[in-house]
Amino acid sequence: MEEDGRFRTVGVVGCGLMGSGIAQVCAGAGFPTRVREVDEALLARGLGRIDDFLAAGVERGRTSPEDAARVKANLTGTTRLEELAGCDLVIEAIVEAAEAKRETFSALEAIVGPETVFASNTSSLCITELAAATERPDRFVGLHFFSPVPVMKLVEVIRGLATSDSTFERALAFGRALGKEPVTAPDRPGFIANRLLIPYLLDAVRAHESGAGTIEDIDKTMTLGCGYPMGPFTLLDFVGLDTAYSIANIMYDEFRDPKYAPPPLLKRMVLAGRLGRKSGRGFYAY
């Protein structure tokens, strides 16, 4: 850690849609970044996603060839968790499952130094609970990015009960260093964004189930009538129906409020493997 509290080297665990985006913005902000995925095929896919994004930016004139080269120079991919040993900030961006996250942080404990800060990109899980499973709850914070990470300006910074003032302030400063606008979110399932977004998406599914309109007409109503950038069903397909279903269940388990209960249609879509864009079919076909 520098004397001014700035992080020097960033590690990212997971190189999927979110992890690759987080790694890209960290490298783009000048941080030497190491991103780890469980196998070479998934790592190549994640790094390829970054290459494609940068190439498209250069082609459209949004990114200079020099900036694209700088991102790649700051980025290292690996399948070995041990390669994150020298990082003073490690951001977890794996599957939205508490046990998997706890196992990841437990493995990291034996690798990184005592001053390393842990962050989770969870969109709904309790930061205090995840932190309590580590030996550094004071150096644990939530950093919830939004997809696509290189485009979306927001990052929710979530403070657990044991998160120190220093860790929290460094996390806020880190978000700004990435060119993001950090907001302070409470350590409650869904934080701010999903606390408001998930009931809206679930209500759209219920409205369709009850005959309020077709999928297409509900989407058109919200985009053309209310000015939303995309309709709820298009957004559900983009986020992933399984992801939305998981977040809704976590929030319902916490609050026991019917507005967070996944409607039957969403559950059946997930069981049928219709997960949205990533599976080729959700409420729409891709």
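Scroll up for the structure.
Just so it is clear, the model here is predicted, and its values are computed rather than measured.

A. Highlighting the packing of aromatic side chains. Under the counting rule described, the total for this entry stands at eight aromatic pairs. With a centroid separation of 6.5 Å and 90° between ring planes, the pair formed by Phe-118 and Phe-140 is classed as edge-to-face. Taken together, the positions of Phe-118 in strand S5 (residues 117-120) and Phe-140 in strand S6 (residues 140-145) put the pair 22 residues apart, joining distant regions of the chain. Per residue, the accessibility class of Phe-118 equals that of Phe-140, and both read buried. Here the aromatic rings of Phe-233 and Phe-283 are separated by 4.8 Å at their centres, their planes lie at 70°, and the arrangement is edge-to-face.

B. How the structure looks around the pairing of strand S8 (residues 181-185). The sheet contact formed by strand S7 (residues 154-159) and S8 spans five bridges and is parallel. Its bridge partner being in S8, Ile-158 is matched across the sheet by Ala-185. In the classification by handedness, the crossover that spans S7, the intervening helix H6 (residues 165-177) and the parallel S8 is right-handed.

C. Local environment of the sheet that holds strand S4 (residues 89-92). Read across the sheet, eight strands follow the order S3-S2-S1-S4-S5-S6-S7-S8 without closing on themselves; strand pairing throughout is mixed. Each edge of the sheet is formed by a strand with only one pairing partner; in this case those strands are strand S3 (75-78) and S8. Each neighbouring strand pair of the sheet contributes to a mean axis angle of 25°, computed without reference to strand direction. Alignment of S6 against S7, held across five bridges, turns out to be antiparallel. In the sheet register, Leu-143 faces S7, and the bridge partner there is Val-157. Here helix H2 (residues 40-59) sits on the sheet in contact with strand S2 (33-36) and S3, set at roughly 160° to S3.

D. The arrangement of the side chain of Glu-37 in detail. With respect to the secondary-structure elements, Glu-37 resides in the loop between S2 and H2. Among buried Asp, Glu, Lys and Arg side chains, Glu-37 stands out as unpaired, with Arg-36 the closest opposite charge at 5.9 Å. Filtering out sequence-adjacent residues up to four positions away, Glu-37 remains in contact with Gly-14, Cys-15, Gly-16, Leu-42, Leu-43, Thr-78 and Thr-79.

E. How the structure looks around unusual backbone geometry. With omega at -5°, the peptide bond leading from Ser-147 into Pro-148 counts as cis. Residue position: Pro-148 is located in the loop between S6 and S7. Despite not being glycine, Phe-191 has its phi angle at roughly 55°, a positive value. On the accessibility criterion, Phe-191 (2% relative accessible area) is buried. Despite not being glycine, Arg-256 shows a phi value in the positive range, around 55°.

The rules we used
- Residues numbered from 1 in each chain as written.
- Predicted model: local features only at pLDDT ≥ 70, side-chain atom pairs only at ≥ 80, totals over all residues.
- Heavy atoms only, no water.
- Phe/Tyr/Trp six-rings, centres within 6.5 Å; stacked < 30°, edge-to-face > 60°.
- Helix = DSSP H or I, 4+ residues; strand = E, 2+ residues; numbered from the N terminus.
- Buried < 20%, exposed > 50% of the residue type's maximum accessible area, 1.4 Å probe, protein only.
- Pairing = 2+ DSSP bridges.
- Right-handed = clockwise from strand over helix to strand, strands pointing away.
- Axes fitted to C-alpha atoms, helices over the stretch in contact; angles between N-to-C directions.
- Contact = heavy atoms within 4.5 Å.
- Lys, Arg positive; Asp, Glu negative; His and termini not counted.
- Salt bridge = Lys/Arg side-chain N within 4 Å of Asp/Glu carboxyl O.

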